[in-house]
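Fold and contact review
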Amino acid sequence: MKHELLPLFVAAGLSDSRIVRHYGVAPLTVLRWRKAEGLATQWKPKVVEHGESAYKKRGCRCDVCRAANTKAQQTGNVRRRALTEANGGIAPIARHGLSTGRNWGCWCEVCRGAIKAANDAWTATHRRAG
Ligand SMILES: [Zn+2]
Ligand SMILES: [Zn+2]
């Protein structure tokens, strides 16, 4: 994580919580950076639990919360895909489409079509001419 601007922010008098928001990292991360840069602070961030629930309930997008959410998502996907498999390859839910195809591994026409369309769109956007 880059934080070259940290000394400038500190010199400009930005509050620590503002710096935290700017970088989108955990308060403790900013404290660590400050320590590494020799920029002491009186700031005592309230130490909060970071993880899946912080991601969902508080909308925290720090590294810890994002990783926890990704992991939970993957664990959930494994469980969902097992249900889909048990259901003959069709997700046992009402709504079908892109996210159902991706998260449930559903192979119905709707989900497959949505995934293909999304993939095509992605390819079209990212393909470089030449
Ligand atoms: Zn967090
Ligand atoms: Zn489907």
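Small disclaimer: the values here were computed from a predicted structure and weren't measured. (Residues numbered from 1 in each chain as written. Chains lettered and ligands numbered in written order. Predicted model: local features only at pLDDT ≥ 70, side-chain atom pairs only at ≥ 80, totals over all residues. Heavy atoms only, no water.)

Looking at the overall build of the protein chain
Looking only at helices and strands, one finds 7 helices and 0 strands in the protein chain. The N-to-C order of helical and strand elements in the protein chain reads α-α-α-α-α-α-α. Relative to a compact globule of 130 residues, whose C-alpha radius of gyration would be 14 Å, the protein chain shows 21 Å and is clearly more extended. With respect to the principal axes defined by its C-alpha atoms, the protein chain has extents near 60 × 45 × 20 Å. Counting across all 130 residues of the protein chain, residues that qualify as buried make up 27%. (Helix = DSSP H or I, 4+ residues; strand = E, 2+ residues; numbered from the N terminus. Rg over C-alpha atoms; globule rule 2.2 N^0.38 Å. Buried < 20%, exposed > 50% of the residue type's maximum accessible area, 1.4 Å probe, protein only.)

Observations concerning the packing of helix α2 (residues 16-23) against helix α3 (residues 27-37)
Running from N to C, α2 and α3 cross one another at 105°; their axes reach a closest spacing of 9 Å. As the angle between them shows, α2 and α3 are arranged roughly perpendicular. Along its contact with α2, which presents Asp16, Ile19, Val20 and Tyr23, the element α3 presents Pro27, Val30, Trp33 and Arg34. For the contact of α2 with α3, the per-class residue count stands at 6 nonpolar, no polar and 2 charged. (Axes fitted to C-alpha atoms, helices over the stretch in contact; angles between N-to-C directions. Parallel < 35°, antiparallel > 145°, perpendicular 65-115°, else oblique. Contact = heavy atoms within 4.5 Å. Nonpolar A, V, L, I, M, F, W, Y, C, P; charged D, E, K, R; others polar.)

What to know about α2
Along α2, the positions that sit buried rather than exposed are Asp16, Ile19, Val20 and Tyr23. In a view along the axis of α2, the buried residues occupy a sector of 105°, so they form one face of it. Following α2 by one or two positions, Gly24 has its phi on the positive side, about 65°. (Arc of directions from axis to C-beta.)

Topic: the nonpolar core
In terms of nonpolar packing, the biggest core is built from 8 residues, these being Leu6, Phe9, Ile19, Val20, Tyr23, Val25, Val30 and Trp33. Elements with a minimum of two residues in this core: α1 (6-11), α2 and α3. Sorting elements by how many residues they give to this core places α2 first, with 3 residues. Core analysis: the second largest hydrophobic core is formed by 6 residues, Ala26, Ala54, Cys60 and Cys65 among them. (Core = buried A, V, L, I, M, F, W, Y, C linked by side-chain atoms within 4.5 Å.)

A word on the domain arrangement of the protein chain
Segmentation of the protein chain into domains returns domain 1 (1-47) and domain 2 (52-126). With centres defined by C-alpha atoms, the gap from domain 1 to domain 2 works out at 35 Å. (Domains from an automatic or database assignment.)

Considerations on the coordination of the zinc ion (ligand 1)
Ligation of the zinc ion (ligand 1) by protein atoms is provided by His50 (ND1), Cys60 (SG), Cys62 (SG) and Cys65 (SG), these donors lying 1.8 to 2.3 Å from the ion. Considering all 4 donor atoms around the zinc ion (ligand 1), angles at the metal cover 105 to 115° and the coordination shape is tetrahedral. (Donors = N, O, S within 2.8 Å, 3.2 Å for Na, K, Ca; no water. Tetrahedral: all angles 85-135°; square planar, octahedral: opposite > 155°, others 65-115°.)

Comments concerning the coordination of the zinc ion (ligand 2)
Protein-derived coordination of the zinc ion (ligand 2) comes from His96 (ND1), Cys106 (SG), Cys108 (SG) and Cys111 (SG), at a distance range of 1.9 to 2.3 Å. Around the zinc ion (ligand 2), the 4 donor atoms are arranged such that angles at the metal cover 109 to 111°; this shape is classified as tetrahedral. Along the chain, the residues donating to the zinc ion (ligand 2) are arranged with the sequence spacing H-x9-C-x1-C-x2-C. Here Cys106 and Cys108 have matching classes, each one buried.

Re the environment of Lys46
Among the structural elements, Lys46 can be located in the loop between α3 and α4 (52-58). Residue Lys46 is classed as exposed on the basis of its relative accessible area of 70%. On a C-alpha basis, the gap between Lys46 and Arg81 in space is 39 Å, while along the polypeptide they are 35 residues apart.

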